[in-house]
Amino acid sequence: MQNQDAIWLDANDRLGLFIDGPNFHGSSRDMGFDVDYQALLDFFRQRAKLTRAFYYTALDVSGDHTPLKPLVDWLSYNGYIVVTKPTKEFKNGNGNRRVKGNMDIELAIDMLNLAQYLDHAILFSGDGDFRRLVDAVQQRGVKVTVLASSDVTADELRRQADQFVELADFRPHIERFGEGARGRAGATDSQGT
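A. Spatial organisation of the pairing of strand β2 (residues 49-59). Relative to β2, strand β1 (residues 14-20) is paired through seven bridges, and the arrangement is parallel. Bridge assignment links F18 to a residue of β2, and that residue is F54. Strand direction decides the pairing type here: β2 and strand β3 (residues 81-86), joined by six bridges, are parallel. Its bridge partner being in β3, L59 is matched across the sheet by P86.

B. Structural view of the sheet that holds strand β7 (residues 143-148). Across the sheet, six strands lie side by side as β3-β2-β1-β6-β7-β8; this open sheet has parallel pairing. Among the strands making up the open sheet, the edge pair consists of β3 and β8 (163-166). Neighbour-to-neighbour, the strand axes of this sheet turn through a mean angle of 15°, independent of strand direction. Strands in contact with helix α2 (residues 37-45) are β1, β2 and β6 (120-124); relative to β1, the strand with the most contacts, it is inclined by about 155°. Packed on one face of the sheet, helix α7 (residues 167-174) meets β7 and β8 and runs near 65° to β8.

C. Summary view of the packing of α2 against α7. Here α2 crosses α7 at 100°, and the two axes come no closer than 9 Å. Relative to α7, the element α2 is oriented roughly perpendicular. Residue-level contacts link A39, L40, F43 and F44 of α2 to F170, H173 and I174 of α7. For the contact of α2 with α7, the class distribution of residues is six nonpolar, one polar and no charged.

D. Quick look at the pattern of salt bridges. Counting across every chain of the model gives nine salt bridges. Between D34 and R176 there is a salt bridge, with the nearest N and O atoms lying 2.7 Å from each other. Here D34 is found in the loop between α1 (21-30) and α2, whereas its partner R176 is found in the segment after α7, with 142 residues between them in sequence. With a shortest N-O distance of 2.6 Å, D155 and R159 are connected by a salt bridge. Taken together, the residues D155 and R159, both in helix α6 (residues 155-160) and four residues apart, mark about one turn of the helix. Judged by its relative accessible area of 43%, D155 is partly exposed.

E. Seen up close, the nonpolar core. Core analysis: the largest hydrophobic core is formed by 30 residues, its most contacted members being F24, Y37, L40, F44 and Y80. Only β1, α2, β2, α3 (69-77), β6 and α7 provide two or more residues apiece to this core. Ranked by the residues each element gives to this core, the list is headed by α2, at five residues. Excluding its chain neighbours within four sequence positions, the residues that come into contact with L40 are L17, I19, F24, V35, Y80, F124 and I174. Counting residues in each nonpolar core, the second largest holds 25 residues, with M103, A108, L123 and V137 among its members.

F. Broad picture of the packing of aromatic side chains. Tallied over the full model, the rule gives 10 aromatic pairs. Between F43 and F170, the aromatic rings sit 4.9 Å apart at their centres with planes inclined by 90°, giving edge-to-face as the arrangement. With F43 in helix α2 and F170 in helix α7, this residue pair connects regions lying 127 residues apart in the sequence. Each of the two residues, F43 as well as F170, counts as buried. A centroid spacing of 6.2 Å and a plane angle of 90° characterise the contact between F44 and F124, whose relative ring orientation is edge-to-face.

G. Region of interest: the side chain of E166. Along the chain, E166 falls in strand β8. Buried and unpaired, E166 has no salt bridge, with R158 as the nearest side chain of opposite charge at 5.1 Å.

H. Layout of the environment of D162. Residue placement: D162 occurs in the loop between α6 and β8. Considering only alpha carbons, one finds D162 and V144, 18 residues apart in sequence, at a separation of 5.4 Å. Sequence-distant contacts of D162, that is, excluding residues within four places in its chain, are made with Q138, V142, K143 and V144. At 3.1 Å, the side chain of D162 forms a polar contact with the side chain of Q138. For D162, the side chain forms a polar contact with the main-chain nitrogen of V144, separated by 2.7 Å.

Procedures and definitions
Residues numbered from 1 in each chain as written. Predicted model: local features only at pLDDT ≥ 70, side-chain atom pairs only at ≥ 80, totals over all residues. Heavy atoms only, no water. Pairing = 2+ DSSP bridges. Helix = DSSP H or I, 4+ residues; strand = E, 2+ residues; numbered from the N terminus. Axes fitted to C-alpha atoms, helices over the stretch in contact; angles between N-to-C directions. Contact = heavy atoms within 4.5 Å. Parallel < 35°, antiparallel > 145°, perpendicular 65-115°, else oblique. Nonpolar A, V, L, I, M, F, W, Y, C, P; charged D, E, K, R; others polar. Salt bridge = Lys/Arg side-chain N within 4 Å of Asp/Glu carboxyl O. Buried < 20%, exposed > 50% of the residue type's maximum accessible area, 1.4 Å probe, protein only. Core = buried A, V, L, I, M, F, W, Y, C linked by side-chain atoms within 4.5 Å. Phe/Tyr/Trp six-rings, centres within 6.5 Å; stacked < 30°, edge-to-face > 60°. Lys, Arg positive; Asp, Glu negative; His and termini not counted. Polar contact = N/O pair within 3.5 Å; in protein donor to acceptor, adjacent residues only side chain to side chain.

Remember, this is a structural readout, not a statement about activity or role.
Listed below in structure tokens is the structure:
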């Protein structure tokens, strides 16, 4: 069923959301807006049978406070399954510190495990590494929508998806406005690669 929203959903679809936190945050930040994560959940709950909403991010636990902590706490108390792991610190040949925290394998395992309970999966990432995952989930009979910015979405991922939704077109449904907006999206989620 096609509707006037930027995304094709069937009201009877069992739906799973899989948000690559650093990728999704980076894209929205590059477009100049913060995400209202409550509005995002509400959008999908009103249009399909939302089964699970996952949010993946690595956390820098080296200090007492991480800027992601308020966002992660808010998400975990408000309907999201938050999957985290500590970042790893590396030093290059010049002694410069590099922080890495890739969550691709965690997202892939969860999407594959949940596929038997879904009709439709929405991947919030433009990372081309997910092309094979999308293919595997489609082979299990699940429709896959990729929701990301075309500026950073790998062509092979875009071609593999059943539907590609441009983040700019979806922005009006999830943009956070002012202090009273729902969802703590102001924290930066820039860790990971």
